[in-house]
Amino acid sequence: MDYEVPCIYGKTTTDPIEIEVPGSKSVTARALLLAAVAQGESVLRGAQFSNDCLTFINCLHALGVKCEVEGETIRIQGCGGKLSVKKARVNVGSAGTAARFITALLAFQDGCYELHCSEQMRSRPIQPLLDALVDTGAKITFLEEEGRFPFIIEGTREPADEITVDIEESSQFLSALLIASICVPDAMRIHHTGIHGLEYVRMTLAMMKAFDIDIAQTGNSYTVFGECHGREYDIEPDLSSAAYFYAANKILGTNIRVKGADECTLQGDRKFIQQLAGFDGGKMEMGSFSDQALTLAAIAPYLSKPTQITGVAHIRKQECDRLAAISDCLTALGIRKEDFMDGIKIWPGQPRAAELDTFGDHRVAMAFAITGLRTPGIVIRNAEVCSKTFKDFFTVLDSVCAKLTAK
């Protein structure tokens, strides 16, 4: 599906408009794993049902974890840290969080599991997590390329009680180990090197405590003491999705508000939304909310001063090379820019009409759709990729545009 973005600049009302976005993908994924390893039943409300989260649920089903979906609520009967299924073939698709979390979970089980994924997921980082799991005693057998999916993982009955993981490529490696270590009978001590994405690690720790897990932290080391108890848990709205509409406010002068966004406390993207309000160009270090690098790049041409995005070298290894995608889209739009290994500098300018490739990446599609709200003739190719996290994004965007331009 190609989507021609409606240019509504100069035609909009300043009356407040409230919209809803799906639940947070990051919070939903963590809640799914916590509920799966907990003792007793958990009820997760406001969950996201994007392709990624549905893939995660399917993985849990394949591993014998009972999950019942009712509207935006998921009931999960926890396994108490011990999966009933000892042998399974699991496909994590393109869901990066599920890929890391499920892999860590299986390393601490008494079983043998075959893990597969999409073609896109094969190129995303997993080796540092696998290295840490092998150090705990798990056995990994690669079925094709060394260090990548697909592989067979055999869990360990007697895991090491102390491990180290490098998180420079992804903080999900540490979050996966923290939650999965609940399955270990005794306390586990986890150390990390690297500082990437610690905002997401803080989210993980806060949610673990909400599920009654004891955690002691000293610097870059964490000691996790089971147990995990099932509970009722409300999932925050997804601020990564909300940020597109606050970016639209920035370039249109509109007053779109996302229901529940002001009460969100777990997600690092709240910092981006806060900083965006007073930002009109300059340097922004985006390591703690890197999903929004695309969003800022997409509206940077409309700001009065050059914008430099820094601290996001790791996004070159996400669904696509996101810095390269930004650069290609800006070139197509006729915008001056300078590329760096860890970011990009963008000069103000009026974008031209263009058809923009999404590179199979949902965030490219959604971010550069915002550019088109102020420039006619921008078309987003393969816009359906947004279903990875926000399947109704373009329907919601059409509704917002209609409300903003209603006479």
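These remarks concern the structure in this document.

About the cut-offs
Once a new chain begins, its residue numbering starts again from 1 and follows that chain's sequence as written. Confidence filtering applies because this is a predicted model: local features only for residues at pLDDT of at least 70, side-chain atom pairs given and counted only at 80 or more, and all residues used for totals across whole chains, interfaces and linings. Working from all heavy atoms in the structure, the side-chain values ignore hydrogens and water. Put simply, DSSP H or I for four residues or longer makes a helix, DSSP E for two residues or longer makes a strand, and each gets a number counted from the N terminus. Radius of gyration here is computed from C-alpha atoms only, and the compact-globule reference equals 2.2 Å multiplied by the residue count raised to the power 0.38. Think of it in three bands: with a 1.4 Å probe and only protein chains considered, a residue is buried below 20% of the maximum accessible area for its type, exposed above 50%, and partly exposed in between. The contact criterion used is simple: two residues touch if any of their non-hydrogen atoms lie within 4.5 Å. Here, any two strands with at least 2 DSSP bridges between them count as paired. N or O atoms within 3.5 Å of each other form a polar contact, as long as, within protein, one can give a hydrogen and the other can take it, and as long as residues adjacent in sequence are counted only when both atoms are side-chain atoms.

Moving on, we get to the overall build of the chain. When helices and strands are tallied, the chain shows 12 helices and 21 strands. Relative to the globule expectation of 22 Å for 407 residues, the C-alpha radius of gyration of the chain, 21 Å, shows essentially globular dimensions. C-alpha atoms of the chain, sized along the principal axes, occupy 65 × 40 × 40 Å. Counting the 407 residues in the chain, one finds 58% classified as buried.

Attention now moves to the environment of Val 37. Positionally, Val 37 belongs in helix α1 (residues 25-37). Residue Val 37 is classed as buried on the basis of its relative accessible area of 2%. For the pair Val 37 and Gly 230, spaced 193 residues apart in sequence, the C-alpha to C-alpha distance is 8.7 Å. Residues in contact with Val 37, not counting those within four places in the same chain, are Cys 79, Gly 80, Gly 81, Leu 105, Ile 182, Cys 183 and Cys 228.

Before going further, it helps to spend a moment on the pairing of strand β17 (residues 307-310). Here 4 bridges tie strand β16 (residues 282-285) to β17, and the two strands are oriented parallel to one another. When the bridges of β17 are listed, Glu 285 appears paired with Thr 310. As paired elements, β17 and strand β19 (residues 343-346) share 3 bridges and run antiparallel to each other. Residue Gln 308 lies in a different strand from β19, and its bridge partner there is Lys 345.

Let us look at the environment of Leu 252. Tracing the backbone through its elements, the reader meets Leu 252 in helix α7 (residues 239-252). With 27 residues separating them in the primary sequence, Leu 252 and Phe 225 have C-alpha atoms 50 Å apart. Setting aside its immediate chain neighbours within four residues, Leu 252 contacts Ile 8, Tyr 9, Thr 12 and Leu 373.

Every buried residue of helix α10 (residues 322-332) is accounted for by Arg 322, Leu 323, Ala 325, Ile 326, Ser 327, Cys 329 and Leu 330. On its buried face, α10 is in contact with α9 (293-299), β18 (337-340), β19, β20 (354-356) and α11 (362-372). Measuring from the side-chain oxygen of the N-cap residue of α10 to the backbone nitrogen of Leu 323 gives 3.3 Å; that N-cap residue is Asp 321.

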